[in-house]
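# Per-entry structural report
For reference, the chains in residue letters:
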Amino acid sequence: MTLRKEYIEELEGLKGEVLKMGELAKESAKNAITALANRDAELASKILKGNAIIDELEFDIENRCMRLLALQQPMASDLRTIGTCMKIITDFDRISDLAGDIAEIVLRMGDEPHVKPLIDIPRMSEISQGMIADCLKAFATGDIKILEDFSARDDMIDALFDQVRRELITITIERPRCIANAGHLLFVALHLERIGDHACNIASRIIYMITGEKRKLE
Amino acid sequence: MGLIETEDLSVLYGDVPAIKRVNIEIEANKITAVIGPSGCGKTTFLRALNRMNELNGARTDGKVLIDGENIYNGNTDVNMLRRRVGMVFQQPNPFPMSIFDNVAYGPRIHGIRNNKLKRIVEESLRKAALWEEVHDRLDSSALMLSGGQQQRLCIARALAVNPEIILFDEPCSALDPISTARIEALLRELKKDYTIVIVTHNMQQAARVSDYTAFFLMGELIEFDETTRIFERPKDKRTEDYITGRFG
Ligand SMILES: Nc1ncnc2c1ncn2[C@@H]1O[C@H](COP(=O)(O)OP(=O)(O)O)[C@@H](O)[C@H]1O
Ligand SMILES: [Mg+2]
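Along every chain, residues carry numbers that run from 1 in the direction the sequence is written. Working convention: letters from A go to chains and numbers from 1 go to ligands, in the order in which they are written. Whole-chain, interface and lining totals are the exception, using all residues; otherwise, since this is a predicted model, local features are given only for residues with pLDDT of at least 70 and side-chain atom pairs are given and counted only at 80 or more. Note that water and hydrogens are dropped before the side-chain values are worked out from all heavy atoms of the structure.

With that settled, the discussion passes to the confidence of the model for chain B. Averaged over every residue, the pLDDT of chain B is 95; the share at 70 or more is 100%. For this predicted complex, the interface confidence reaches an ipTM of 0.75, while the overall pTM sits at 0.85. Known as pLDDT, the predictor's per-residue confidence is scaled from 0 to 100.

Structure representation (structure tokens):
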């Protein structure tokens with residue numbers, strides 16, 4: 001016999017909303033780098049508009065969590081699920097904010113040529129995309145094995161960030177007139193590095209949700 | 001080592017076991033909650049700890065050790081045992097006499113009189129957080145008190161004989177939320193001086209007040225652990241299903 005059918009449906013609905021929010025945040029982050037590579041102002045503006053929807057989703061999810069906590073007094077894995085949802089929506093929101101910051105950089109850059117071909121930045125973006133995608137998969141299926149190598153993936157992003165930073169500093173010293181564009185790219189890289197950190201936060205929360213163990217990935 | 005330990009404790013009504021081979025260690029000065037669906041043997045388990053089941057003809061196998069001594073061995077003085085291990089029931093059950101006489105009942109049986117008796121009554125009422133409300137009407141009937149006050153009076157009555165362990169069987173289920181909150185605050189206060197075992201069907205109450213939680217199902221002790229652990233990440237699927245309300 002299954003009791004509390006509506007409650008269980010509400011929990012499933014909540015998880016669906018969180019997945020949707022995560023999907024949108026991931027899409028924003030991906031589009032931000034596409035807009036940067038293609039100097040696509042239209043796409044950049046679309047990201048900024050899309051973030052308003054993500055903000056609304058965050059409030060909606062938070063309200064659902066609060067209502068479940070107040071009315072259903074969830075326990076054990078249900079409690080961990082709700083706690084995890086409340087935590088990770090902040091990370092998803094931060095990811096979409098960082099994507100928005102990148103979009104604003106794209107709008108500010110206009111048509112000025114990039115000081116260097118974009119190689120490491122798309123690479124960083126790809127890795128963080130993969131991390132967010134795996135978070136969503138693990139959240140939906142409970143399979144946390146795919147999160148095991150997050151520390152290594154985050155290290156890769158950090159190493160790429162270091163490399164980009166050194167390169168951009170060298171370029172700025174050699175060609176001071178490029179400082180504006182180099183500065184923009186440096187910020188983009190920094191934002192991508194932060195997105196990787198948020199993906200790690202999300203992953204450790206999902207591990208907690210599934211296993212009950214608190215483990216910091218970084 | 002626990003203050004109370006059971007070894008393969010079983011209680012049978014006729015041929016039907018109500019609890020089966022329970023092994024548990026209950027620590028001193030802690031609150032241990034017993035939860036589980038109705039009929040799973042919570043009350044039977046609790047009553048086994050001061051040999052109350054034999055009052056309704058149940059058979060008990062195995063051991064209950066208190067301070068290392070098996071209370072089911074031949075030479076246990078059952079009256080002394082029940083003084084040491086007090087009990088508070090679901091329905092407040094004050095005697096139809098004055099507030100004072102209710103609390104004085106136990107000590108009087110033990111020959112205490114006069115000033116010492118008055119002192120014990122006051123102390124017990126204070127410990128039960130009832131003194132402020134009743135000190136100027138100790139002679140009025142206990143039956144005039146509200147349900148929550150009656151329950152605290154029953155707690156005072158249990159405290160008056162200076163027990164070590166107090167067993168509570170769903171002490172709040174007949175009370176309103178405010179009286180319930182009072183009793184919960186009182187339990188936390190009492191655990192400094194007493195060891196408490198509480199049966200409750202209210203899981204949130206178990207989560208709020210207890211240090212350890214035991215989950216029973218069909219007479220078996222399924223899981224026993226720190227309360228935070230039981231409610232955050234129980235090990236057994238059956239515990240998980242019960243506390244998340246997947247069955248009940
Ligand atoms: N006096 C009794 N005589 C016969 N059976 C009893 C008696 N008391 C309890 N039982 C049976 O023992 C089982 C456990 O009861 P109990 O300990 O009262 O459970 P709980 O307190 O968890 O609701 C139930 O199946 C109940 O019907
Ligand atoms: Mg009972």
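The discussion continues.
The subject of this paragraph is the site of ligand 1. Residues and elements named next belong to chain B. Contacts to ligand 1 come from Tyr13, Ala18, Pro37, Ser38, Gly39, Cys40, Gly41, Lys42, Thr43, Thr44 and Asn56. In the analysis that follows, any N or O atom pair within 3.5 Å is treated as a polar contact, provided that within protein one partner can donate a hydrogen and the other can accept it, and provided that, for residues neighboring in sequence, both atoms belong to side chains. Lysine 42 is positioned such that a nitrogen or oxygen atom in its backbone is 2.9 Å from an oxygen atom of ligand 1. A distance of 2.5 Å separates an oxygen atom of ligand 1 from a polar atom in the side chain of threonine 44. Expressed as a share of its isolated accessible area of 560 Å², the protein-covered part of ligand 1 is 57%. Counting from the N terminus, the helices are the DSSP runs of H or I reaching at least four residues and the strands are the DSSP runs of E reaching at least two. Residue contributions to the shell around ligand 1 peak at 3 residues, all from helix α1 (residues 42–48). Note that Gly is not counted as nonpolar here; it falls among the polar residues with everything else outside the nonpolar set of Ala, Val, Leu, Ile, Met, Phe, Trp, Tyr, Cys and Pro and the charged set of Asp, Glu, Lys and Arg. The residue inventory of the shell around ligand 1, partitioned by class, reads 4 nonpolar, 6 polar and 1 charged. Nearness of a residue to a molecule or strand requires only that one of the residue's heavy atoms be within 4 Å of it. Throughout, the Shrake-Rupley method with a 1.4 Å probe supplies accessible areas, and for residues the shown protein chains are the sole cover considered.

Another aspect to go through is the pattern of salt bridges. What makes a salt bridge here is a side-chain nitrogen of Lys or Arg within 4 Å of a carboxyl oxygen of Asp or Glu, nothing more. Taken as a whole and judged by the stated rule, the model has 34 salt bridges over all chains. In this structure, B:Arg246 engages A:Asp78 in a salt bridge whose closest nitrogen and oxygen atoms are separated by 2.8 Å. Of the two residues, B:Arg246 sits in the segment after α10 (237–243) while A:Asp78 sits in helix α3 (residues 76–109), which places them in two different chains. For A:Asp143, the salt bridge goes to A:Lys145, with nearest N and O atoms at 3.7 Å. Accessibility here uses a 1.4 Å probe with only protein chains present; expressed as a share of the type maximum, an area under 20% marks a residue as buried, one over 50% as exposed, and anything in between as partly exposed. Exposure remark for A:Asp143: the relative accessible area of 30% places this residue in the partly exposed category. One continuous salt-bridge network, built from bridges that share partners, spans A:Asp134, A:Lys137, A:Asp149 and A:Arg153.

Below, the discussion takes up the sheet that holds strand β7 (residues 165–169) of chain B. Residue and element names in this part refer to chain B. Only strands that DSSP links by at least two bridges are regarded as paired with each other. Taken together, the 6 strands give an open sheet; going across it, the order is β6-β7-β8-β3-β9-β10, and neighbouring strands pair in mixed fashion. The open sheet has two edge strands, β6 (85–88) and β10 (220–226), and neither has a second partner. Neighbour-to-neighbour, the strand axes of this sheet turn through a mean angle of 20 degrees, independent of strand direction. Two elements, β7 and strand β8 (residues 195–199), share 5 bridges in a ladder whose sense is parallel. Considered in β8, the bridge of aspartate 169 is made with valine 199. Working rule for contacts: check all heavy atoms of both residues, and any pair within 4.5 Å makes them a contact. Note on geometry: axes are lines fitted to C-alpha atoms, helical ones only across the stretch in contact, with angles between N-to-C directions running from 0 to 180 degrees. In this fold helix α6 (residues 147–159) packs onto β6 and β7, with an angle of close to 170 degrees to the strand it touches most, β6. Across the face of the sheet, helix α7 (residues 177–190) comes into contact with β3 (31–35), β7 and β8 while running at roughly 150 degrees to β8.

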